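Chain by chain, the residues:
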Amino acid sequence: MVNITRAADLTMVGANGGAWVAPVGTPALASPLDQPVTPWSALGAISDDGLVNGWDEESQEFTPWGLTSPFRTQITKSVRTFSATMWETSRLSVMSLHYRLDEADLVADGEGITSFAETASPVPDRRAFWFLVMDGDSARGFYVPEGEISERSDVTYKQDEMSGFEWTITTYPDAAGNTVYHVDKIPTTPADPAS
């Protein structure tokens, strides 16, 4: 009889997690168990839809004359994204990202009033990001050395719905040519049974 191996502790449920932002050039955390400190700024509560790590890839197939299936494929596009909805829309770090402004531009005056304008000609606003997914003793950390919000959804303000900033963050290659660095704490895979 075939022994089918399974290990529940090797599965991952995004039970909890968080996101932080910092200026480009901020180094990655050494462990997903480390608490991010300045210059990292927390992005606060994320909607219960959690974090989505997206892959957008395209390839070109090369099929030689006389064959019906390709004998080579070349990747022509490979983009990594992270998507989430930020619920703390009044948090300075969140507003700073959403409106492409420095946090200093969003500090309230002596009467608690914040005022700013949205430009008709936005410029690139790349920052470093740290995303963390937790499930019991397992943790997955994603360090994005250069990322930018590339898509923003509409924001709804109504009585029976939490307002949020829904973002897609596109990653860009750093000087080493890497877009995402992984730092995980996961269980060891057990050995398969002897055959």
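Conventions adopted
Residues numbered from 1 in each chain as written. Predicted model: local features only at pLDDT ≥ 70, side-chain atom pairs only at ≥ 80, totals over all residues. Heavy atoms only, no water. Helix = DSSP H or I, 4+ residues; strand = E, 2+ residues; numbered from the N terminus. Contact = heavy atoms within 4.5 Å. Phe/Tyr/Trp six-rings, centres within 6.5 Å; stacked < 30°, edge-to-face > 60°. Buried < 20%, exposed > 50% of the residue type's maximum accessible area, 1.4 Å probe, protein only. Lys NZ or Arg CZ within 6 Å of the ring centre and 35° of its normal. Core = buried A, V, L, I, M, F, W, Y, C linked by side-chain atoms within 4.5 Å. Patch = residues over 30% accessible without salt bridge, like charges linked within 9 Å, V, L, I, M, F, W, Y side chains within 5 Å. Areas by Shrake-Rupley, 256 points an atom, 1.4 Å probe, with all protein chains shown as cover. Salt bridge = Lys/Arg side-chain N within 4 Å of Asp/Glu carboxyl O.

Looking at the environment of isoleucine 186
Here comes step 1: By the secondary structure assignment, isoleucine 186 is in the segment after β8 (181-185).
Here comes step 2: When the C-alpha atoms of isoleucine 186 and alanine 28 are compared, they prove to be 18 Å apart, with 158 residues separating the residues in sequence.
Here comes step 3: Not counting chain neighbours up to four residues away, the residues in contact with isoleucine 186 comprise Ser138, Ala139 and Arg140.

Examining the packing of aromatic side chains
Here comes step 1: If you walk through the whole model with that rule in mind, you get seven aromatic pairs.
Here comes step 2: Arranged with centres 5.8 Å apart and planes meeting at 0 degrees, the rings of phenylalanine 129 and phenylalanine 131 form a pair that is stacked.
Here comes step 3: Taking relative accessible area as the criterion, phenylalanine 129 reaches 0% and is therefore assigned buried.
Here comes step 4: In this structure an aromatic cluster arises from ring pairing among Phe82, Phe129, Phe131 and Phe142.
Here comes step 5: Directly above the aromatic system of tyrosine 172 lies the positively charged group of arginine 126, at a separation of 3.6 Å from the ring centroid.

So, the nonpolar core
Here comes step 1: Counting residues in each nonpolar core, the largest one holds 18 residues, and the members touching the most others are Leu43, Met86, Leu97, Phe129, Phe131 and Trp167.
Here comes step 2: Counting residues per element, the ones that place at least two in this core are β1 (16-22), β4 (72-86), α1 (92-99), β5 (127-135), β6 (138-152) and β7 (165-171).
Here comes step 3: Residue contacts for phenylalanine 129: discarding those within four places in its chain leaves Trp20, Val21, Trp40, Leu97, Phe142, Tyr143, Val144, Gly147, Glu148 and Ile169.
Here comes step 4: Counting residues in each nonpolar core, the second largest holds 10 residues, with Trp20, Ala22, Leu29 and Tyr143 among its members.

A few points about the side chain of serine 31
Here comes step 1: Topologically, serine 31 is positioned in the loop between β1 and β2 (41-42).
Here comes step 2: Residue class for serine 31 comes out buried when judged on its relative accessible area of 19%.
Here comes step 3: Other than its neighbours up to four places away in sequence, serine 31 contacts Trp130 and Val183.

Some words on unusual backbone geometry
Here comes step 1: Look at the link from threonine 38 to proline 39: it is a cis peptide, with omega at 15 degrees.
Here comes step 2: Looking at the secondary structure, you find proline 39 in the loop between β1 and β2.
Here comes step 3: With a phi close to 55 degrees, arginine 100 is a non-glycine residue in the positive phi region.
Here comes step 4: Secondary-structure assignment places arginine 100 in the loop between α1 and β5.

A short note on a nonpolar patch on the surface
Here comes step 1: A cluster of nonpolar side chains, Phe62, Leu67 and Phe71, forms an exposed patch at the surface whose accessible area comes to about 340 Å².
Here comes step 2: You can see phenylalanine 71 is positioned in the loop between β3 (52-62) and β4.

Describing the environment of aspartate 49
Here comes step 1: Tracing the backbone through its elements, the reader meets aspartate 49 in the loop between β2 and β3.
Here comes step 2: Take aspartate 49: its relative accessible area is 64%, and that puts it in the exposed class.
Here comes step 3: Spatially, the C-alpha atom of aspartate 49 lies 31 Å from that of serine 115, the residues being 66 residues apart in sequence.

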